[in-house]
Amino acid sequence: MEFVGNQINFKTVLATLTVAFFIGRINLFEGTFPQAVALITVMVAVSTVYIYLVPVIAIAMLTYGGVILNLYGDMMAMIFCGIFFLFFHNHRFTINQRTSVAVAAIIVCNCAYYAYGHLIYLLSIETMIKEAIAVIVYIRVFNTIARILFVGKNPMQIAEEKVGLAYEIFAISLIGAIGAQQVVFPLWLLVIVVIQYCKGIQPAMAAAGIAAVFWQCQHVDHGELFIALFAGMLTGWFLASLIDGKYRKTMLALTIFATIAVSASDQIYGAAAVMALFIAVPSSIITRLWCIGEERFCQQSATGADLKLEAIKRDLMKKREVFLSLSKLYSAGMDNKQIVSYQFDGMARTVSELMTDLDGRGASSAEKNAPQILVGSASYAFEAVSGDSCLSFSFGKNKQALIISDGMGKGSRAATESKLVVTTLSKLLAAGFDVDIAMKTVNAILMTGNSAEMFATVDLAIIDKVTGRAQIFKMGAASTFVKHNGSVSMLKRPAPPVGIVDGLKLEYIDVRLKRGDLLIMVSDGVTDCDRRDPDGLWLRERLTELGSRDPDTVAELIVNKAAEKYGIRERDDLTVMVAAI
């Protein structure tokens, strides 16, 4: 491995000495120090300048005193590895060769120490095997970290999962070097919940599993605690997802704390402190610190685009909270303030949709291959201006909307009302507002627009191009018809028009459309053309007879037939919209 850069500043030296000292204090299996041997094996191979770490690690190991039998044998092995790789630095050993030298040094030096002290009967073969395995693991961990910190030429060669594993074991080792169990367990508990919040449940469970193994290596009985932690993480994750994403952090912390409180009373105070800290620290700070860490130490995990994405998400989160608070502020009363409340609520929901889109960037194959919906329309005005308005447009994720509105009365006044409804609804839906909020906004506008009575019908169909699911909202609107395999069904739902009653209760008809189906929406002028046929049997028969699937042709034929049925009676405006799936 090639050392990049010849300048070593004070901060680098101080950080290296501190890390090496704490690693030197870690002991496993009742008195072994495999990580010390592994660290020197890797670092001297990186650059011979790191030979100065040998006395630092030796001093750290001596802080345990002379009561640990393996201490001096492992110290001899650590010194031997440092000298060996210093003198043979020109020979490029593979990682397997370096590992073999380190394992052999530990076995030979420990056997020599026990034999010299006439303590060979105390030598444990099982402990020797465990230490050899630990050396193998630590060498690979330190080698991965060294490649990230010192090579950095092609970071994509190192898989993100391997990097994460290396940092988790490295962090556990540093925490374990502290030695105060009442501090270590709560501190690592905080690390795990932060990992889960920032990276997801799988990396967090992997970190908890590694921590459980580490505790067992130190003969500290925390295995049951980490099993309880698994259950707490899973429970907290699903509870938070059921309630609301913004409560995920709080629900996670409370659930894990409750689980640990039941299973480990001796850790209750430390767990309570770190869980309270986790809840109290703002989510934006946790996310930002995590991104900074990945940007500094693991560039392939946090690219510039990822950091910009996190900044956008934090900004959107702030805007959502502002809009929600303003919505609550203006929600009292039924006047212009009510409209403002709907607007802010809609903005908050729109921001939530944007945040969801950012989390799931990229269109799926189903979305990319979504079929196009052909829409045609026809209308007929019995005065200079039609009181009906209609519009078709695409919005959101592969959604198609069809709107027909019939204003109160006839002529220009009815046209003004219906156009206001259609334009407002289309713009709000295109901006990302929910149908519920958009319809309530239109209802409030019509009720407070002026002192005169003002209302209009709304017939709104929203079709998902991928699934074919259609939601049909009717506010005083005429029936809708669906033609499938030659048969025609009629859909209707009684409800008052918008602009009449406060507290609008919105319901919809849910229907699944398939390829080849026709969705036909009409204004009440079409269904009222034959008063002797209130169920629209003539229209169903006409649709059954038609062989054409061209939306414009079907709409035109229906309008012509309806106008013919009026005869010499007073006529209403006619509007038909047809969607061909």
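Residues numbered from 1 in each chain as written. Predicted model: local features only at pLDDT ≥ 70, side-chain atom pairs only at ≥ 80, totals over all residues. Heavy atoms only, no water.

Two side chains that carry opposite charge are able to pair once their charged atoms sit near each other. For the coordinates displayed, the defined rule picks out seven salt bridges. A salt bridge links Glu545 to Arg542; its shortest N-O distance comes to 3.8 Å. Here Arg542 and Glu545 lie together in helix H20 (residues 537-545), a separation of three residues that amounts to about one turn. The partner of Glu564 in a salt bridge is Lys561, with the nearest N and O atoms 3.9 Å apart. Here the residue Glu564 and the residue Lys561 both occupy positions in helix H21 (residues 551-566), the gap between them amounting to three residues, near one helical turn. Residue Glu564 is classed as exposed on the basis of its relative accessible area of 57%. In this structure Lys561 comes out as partly exposed when scored by relative accessible area, which is 29%. (Salt bridge = Lys/Arg side-chain N within 4 Å of Asp/Glu carboxyl O. Helix = DSSP H or I, 4+ residues; strand = E, 2+ residues; numbered from the N terminus. Buried < 20%, exposed > 50% of the residue type's maximum accessible area, 1.4 Å probe, protein only.)

A low pLDDT means the predicted coordinates there should not be read in detail. Mean pLDDT over the chain: 76, with 73% of residues reaching 70 or higher. Between residues 1-7, whose pLDDT stays under 50, and residues either more than four places distant or in other chains, the model counts 16 contacts. Of the regions scoring below 50 in pLDDT, residues 152-157 engages in five contacts with residues more than four places distant in sequence or in other chains. (pLDDT = per-residue confidence, 0-100. Contact = heavy atoms within 4.5 Å.)

Looking at chain direction, strand E2 (residues 388-395) and strand E3 (residues 399-407) are connected through eight bridges and run antiparallel. Within the sheet, the bridge partner assigned to Ser389 lies in E3 and is Ser405. In textbook terms, the turn of a hairpin is the stretch between consecutive antiparallel strands, and for E2 and E3 this stretch comprises three residues, one of which, Gly396, has a positive phi near 55°. (Pairing = 2+ DSSP bridges.)

With that settled, the discussion passes to the nonpolar core. Within the largest apolar cluster, 42 residues are counted, with the highest numbers of intra-cluster contacts made by Ile57 and Met78. Within the residue set of this core, elements represented by two or more residues are helix H1 (10-25), helix H2 (34-46), helix H3 (53-62), helix H4 (70-87), helix H5 (95-116) and helix H6 (125-151). When residues in this core are grouped by element, the largest group, nine residues, is from H2. Look past the residues within four positions of Ile57 in its chain and what remains in contact with it is Ala20, Gly24, Ala36, Leu39, Ile40 and Met78. Counting residues in each nonpolar core, the second largest holds 27 residues, with Val193, Leu252, Ala253 and Met275 among its members. (Core = buried A, V, L, I, M, F, W, Y, C linked by side-chain atoms within 4.5 Å.)

Along strand E9 (residues 518-522), five of the five residues are buried, which leaves the element largely enclosed by surrounding structure. Burial of the side chains of E9 extends over both faces: Leu518, Ile520 and Val522 are buried on one face and Leu519 and Met521 on the other. One ladder, built from four bridges, connects strand E6 (residues 480-484) with E9; its direction is antiparallel. For Val482, the partnering residue across the bridge sits in E9 and is Leu519.

In this section: the sheet that holds strand E1 (residues 374-380). Read from one edge of the open sheet, five strands run E1-E10-E9-E6-E7, paired in antiparallel fashion. Bordering the open sheet on either side are E1 and strand E7 (487-491), each of which pairs with just one other strand. Neighbour-to-neighbour, the strand axes of the sheet open up by a mean angle of 15°, direction not taken into account. Looking at chain direction, E1 and strand E10 (residues 574-580) are connected through seven bridges and run antiparallel. Bridging from a neighbouring strand, Val375 pairs with Ala579 of E10. The strands that H20 touches are E6, E7 and E9; relative to E6, the one it contacts most, it runs at about 30°. H21 contacts E1, E9 and E10 of the sheet and is inclined by roughly 25° relative to E1. (Axes fitted to C-alpha atoms, helices over the stretch in contact; angles between N-to-C directions.)

This brings us to the sheet that holds E3. Strand order in the open sheet made by the five strands is E2-E3-E4-E5-E8, with antiparallel pairing throughout. Two strands lie at the open edges of the sheet, namely E2 and strand E8 (508-512), each paired on one side alone. With strand direction ignored, the average angle separating the axes of adjacent strands in the sheet is 15°. Sheet topology places strand E4 (residues 456-464) next to strand E5 (residues 469-475); six bridges connect them, and they run antiparallel.

Bringing the side chain of Thr99 into the picture now. Along the chain, Thr99 falls in helix H5. Within the structure, the side chain of Thr99 is placed 2.7 Å from the backbone oxygen of Ile95, a separation counted as a polar contact. Setting aside residues up to four positions removed in sequence, Thr99 forms contacts with Ile136, Ile139 and Arg140. (Polar contact = N/O pair within 3.5 Å; in protein donor to acceptor, adjacent residues only side chain to side chain.)

Bringing the packing of aromatic side chains into the picture now. Scanning all chains against the criterion turns up 12 aromatic pairs. Put simply, the rings of Phe80, Phe84, Phe85, Phe88 and Phe93 touch in pairs and so form one group of aromatic residues. (Phe/Tyr/Trp six-rings, centres within 6.5 Å; stacked < 30°, edge-to-face > 60°.)

One way to put it is that helix H11 (residues 248-263) packs onto helix H12 (residues 268-280) with a least axis distance of 9 Å and a crossing angle of 175°. In terms of orientation, H11 lies roughly antiparallel with respect to H12. Residue-level inspection shows Lys249, Thr250, Leu252, Ala253, Leu254, Ile256, Phe257, Ile260 and Ala261 of H11 in contact with H12, the latter providing Ile268, Ala271, Ala272, Met275, Phe278 and Ile279. Residue classes in the contact of H11 with H12 are distributed as 13 nonpolar, one polar and one charged. (Parallel < 35°, antiparallel > 145°, perpendicular 65-115°, else oblique. Nonpolar A, V, L, I, M, F, W, Y, C, P; charged D, E, K, R; others polar.)

It is worth spelling out the packing of H3 against H4 at this point. Where H3 meets H4, the axes come as close as 10 Å, and the angle between the chain directions of the two elements is 175°. In terms of orientation, H3 lies roughly antiparallel with respect to H4. Two secondary-structure elements touch here, H3 through Val54, Ile57, Ala58, Met61 and Leu62 and H4 through Leu71, Tyr72, Asp74, Met75, Met78, Ile79 and Gly82. Split into classes, the residues belonging to the contact of H3 with H4 amount to 10 nonpolar, one polar and one charged.

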